[in-house]
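# Survey of secondary and tertiary structure
Below, each chain spelled out in residue letters.
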Amino acid sequence: MKRTVDVNIPLGPIHPCFKEPVRLKCEAKGERIVGAEVELGYMKKGIERIMKGRPWQEVMFLAERVCGICSVIHNMVFIEAMEQISGILVPPRAAYLRVIANELDRMQSHLLANFSYCYTIEHETLGMYLLDLREQVMDLIEQLTGARVTCAYIIPGGVRCDIPLPEAELLKASLDRIERDMRRYTGMFADGPMIALRSRGVGILTPEAAQRAHVVGPTARASGIPVDCRLNHPTYRQLGFVPVHRADCDNFARVMVRFDEVFQSIDLIRKCLQDLPKGVIRGGGVCKAGETRYSGEAPRGELTYFIKSDEFGRIVEIQIQTPSIMNIEACCHEMIIGVDSIADVTSTFISADPCIACTER
Amino acid sequence: MTTYLYEKDLVPQKYRILVANRHDALVRKIAAELDIPVQELRRYLIEHLDMILLENLPARYEMADANADQDDPVARVLGREKYTLYLPILPDAAMDAIFHAVNDRVRAGTAMEDAIAYGRVQIREVLRR
Amino acid sequence: MNLLQRIKNKVRARSIHVAYVDVGSCNGCDIEVLACLAPRYDIEQYGIYVHNNPREADVLLVIGAYTPGWEEKLGMVWEKIPDPKVAVAIGNCPISGCLFNRRESFVDAPVKKHIPIAAEVPGCPPRPTEILEAILSVRDSVFANWEESHP
């Protein structure tokens, strides 16, 4: 649609604040943003087209590489969808280990998102503290699964490797240390007067607009909508999970929800380690034909796989609906409209935790 | 003819988004509902919506199905909020005018189906404009 | 080699600006580059600044398997970088396309076809230390003796 505007400011695809290439064309009236258009296509690899016709053993690794930041949850949702199709049961110990891997992944993803936000508002000190903390979480992931990123930990009917007792003790001790540091950094973020100036009341996303755009994850929970797919997951129900939410609807709330969720993840992992059942970690099973729609809660929100498989476990049809699609859409068409300056556009955009690799696949 | 320094023709990229499984099924569904050729609707969507909105069409359609126009049956069948708020295909003013025209007809005693059919013709007119 | 050239060499090797461009990866390598900034690896102690601005960059880190969106843009980014410059491919994707280089996909790997690549770091994804080592090795082989090799 051609429109006449005051100034049209393109941001990206290469921009100091954006981790990934995306092009944001902001229409500004003076300094105020009146509209924005997103140009994608820099990361379109056609991963769903590659997946078609391949056996699940290959698609499992492809699914992990939809997104490198939240690879564990892509792995988990794909495998659990295949399990649902084939009626494979998971041993209780494996189910708990899955939750541990998933929550560690969520912690590192949230820490990275908050680092990006602090970096964007030029609070580099806090950003570096958080990035250092993230490295400690990455160590825990490596210890548990054997790799930092793309670890392929979860397989149909179980997980790949067990957690021995000394490592579990080490994990607990590290979590205590991480929690202590996190309390300090969260306090720094919550009380910083300059941070509040850049974050509070900027980038408002009303609950109605959020609901229209089907916003999910921390972005929705910061707008007062307590949606969380973990509520429907049997293992999380056993752990007595309750989502956190805030009603401020601004950048500050989105970052704080992520901080709160890191603490929640730490608690969940502790609870898992405490009641970790004894037994096998691999039950086994055969992938069969079927069709399903399965959702799981990624660090960024609801991740849905639409899968159709044939009797040999090959994927016939697949479509992935990632949380970033909805969050970026709401961010660019609702949040950044009315933002007071161009400098706030990048910080508002980053506060929604955009992941372009997920969005375009 | 103006040549842009950075701008690129995005039609092939947008088309690739629209022919993915779920998006394709959705576009066919909307085309059947409004009774216009699929390719014509695709062209309209590519010209009027940006890429992230095209990616988000299925999620928005689901929300529209669940929440749009709960209290007004005529608006629901016509898709008053669905095609303006949830899927921003039509301009608000045009949709309002069509809705009021249809509502008047229903009140004047025209059968519901005929009035809706009239509304659909009007929507098609707007889309073709 | 005169004194001025020797100073130039020394200064060039001690101050390297890095820009990274993601041409269609899964994000994993991207984040590992970002992790190099962390105090644990501390990329800045070697005088390397990750600034992501091609106009003042010396090293371009190319990540990903070259998607059609970059057709004319990657070349433009490469031209904007002032000499001396090198491009380093991070991860398997720019080297071979990794698992994206299959039938039906949109990628056009390797990146070597489109811009000259000086060094390659394989891995899916490589560790931050490996990325750091690659940048340091191109520093020693390209920037530390630029004046002799380009009279």
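This structure is a prediction, so every number in the text was calculated from the model and none was measured.

## A look at the overall build of chain A
On a plain count of helices and strands, chain A comes out with 14 helices and eight strands. Relative to its length of 361 residues, chain A is compact, with a C-alpha radius of gyration of 20 Å against a globular reference of 21 Å. When the backbone C-alpha atoms are referred to their principal axes, chain A occupies close to 65 × 45 × 35 Å. Per-residue burial over chain A gives 56% buried out of 361 residues. For chain A, the share of sequence-separated contacts (at least 6 apart) that also reach a separation of at least 24 residues comes to 70%.

## Things to note about the sheet that holds strand S3 (residues 59-63) of chain C
Residue and element names in this part refer to chain C. Sheet architecture is open: five strands sit in the order S2-S1-S3-S4-S5, paired in parallel fashion. Edge positions in the sheet fall to strand S2 (48-50) and strand S5 (119-121), since each of these pairs with one other strand and no more. Strand-to-strand twist across the sheet, computed as the mean angle between neighbouring axes with direction ignored, equals 25°. For strand S1 (residues 16-22) and S2, the ladder comprises three bridges, and the chain directions are parallel. Bridge pairing in S2 places His 17 opposite Tyr 49. Lying on the sheet, helix H2 (residues 28-35) is in contact with S1, S3 and strand S4 (86-90); it crosses S3 at an angle near 145°.

## As for the interface of chain A and chain C
The interface is formed by 32 residues belonging to chain A together with 36 residues belonging to chain C. The greatest single-element share of the side of chain A that touches chain C, amounting to four residues, is contributed by helix H5 (residues 124-145) of chain A. Residue classes in the side of chain A that touches chain C are distributed as 18 nonpolar, five polar and nine charged.

## Some thoughts on the sheet that holds strand S2 (residues 23-29) of chain A
Residue and element names in this part refer to chain A. Here we have three strands laid out as an open sheet, ordered S1-S2-S3, and antiparallel in their pairing. In this open sheet, the two strands that pair with only one neighbour each are strand S1 (7-11) and strand S3 (32-39). On average, each strand axis in the sheet is inclined to that of its neighbour by 25°, with strand direction left out of account. In the sheet, S2 pairs with S3 via seven bridges, with the strands oriented antiparallel. Of the residues in S3, the one forming a bridge with Leu 24 is Val 38.

## Quick word on the confidence of the model for chain B
The share of residues in chain B with pLDDT of 70 or more is 95%, and the mean pLDDT across the chain is 81. Reported confidences for the modelled complex are a pTM of 0.89 and an ipTM of 0.87.

## Side note on helix H7 (residues 92-108) of chain B
Residue and element names in this part refer to chain B. Under the 1.5 Å per step criterion, the end-to-end length of H7 is 24 Å for 17 residues, consistent within 8% with the ideal 24 Å. Among the residues of H7, Met 95, Ile 98, Phe 99 and Val 102 are the ones counted as buried. Each buried residue of H7 sits inside an arc of 100° when the element is viewed along its axis, so together they form one side. Of the exposed residues in H7, those oriented more than 90 degrees away from the buried face are Ala 93, His 100, Asp 104, Arg 107 and Ala 108. On its buried face, H7 sits against helix H5 (73-78), helix H6 (82-86) and helix H8 (112-128). After H7 finishes, the residue Gly 109 shows a positive phi value of roughly 110°.

## Some points on the packing of helix H1 (residues 11-18) of chain B against helix H3 (residues 38-48) of chain B
All names here are of chain B. Their axes nearest at 10 Å, the elements H1 and H3 cross at an angle of 120°. Relative to H3, the element H1 lies oblique. For the pair H1 and H3, the crossing hand works out as right-handed. Contacts between H1 and H3 involve Val 11, Lys 14, Tyr 15 and Leu 18 on the former and, on the latter, Arg 42, Leu 45 and Ile 46. For the contact of H1 with H3, a count of residues per class yields five nonpolar, no polar and two charged.

Reading the values: rules and limits
- Residues numbered from 1 in each chain as written.
- Chains lettered and ligands numbered in written order.
- Predicted model: local features only at pLDDT ≥ 70, side-chain atom pairs only at ≥ 80, totals over all residues.
- Helix = DSSP H or I, 4+ residues; strand = E, 2+ residues; numbered from the N terminus.
- Rg over C-alpha atoms; globule rule 2.2 N^0.38 Å.
- Buried ≥ 20, exposed ≤ 12 C-beta atoms within 10 Å, placed from the backbone.
- Contact = placed C-beta atoms within 7 Å.
- Pairing = 2+ DSSP bridges.
- Axes fitted to C-alpha atoms, helices over the stretch in contact; angles between N-to-C directions.
- Nonpolar A, V, L, I, M, F, W, Y, C, P; charged D, E, K, R; others polar.
- pLDDT = per-residue confidence, 0-100.
- Expected span 1.5 Å × (residues − 1).
- Arc of directions from axis to C-beta.
- Parallel < 35°, antiparallel > 145°, perpendicular 65-115°, else oblique.
- Left-handed = near helix turned anticlockwise from the far one by under 90°.

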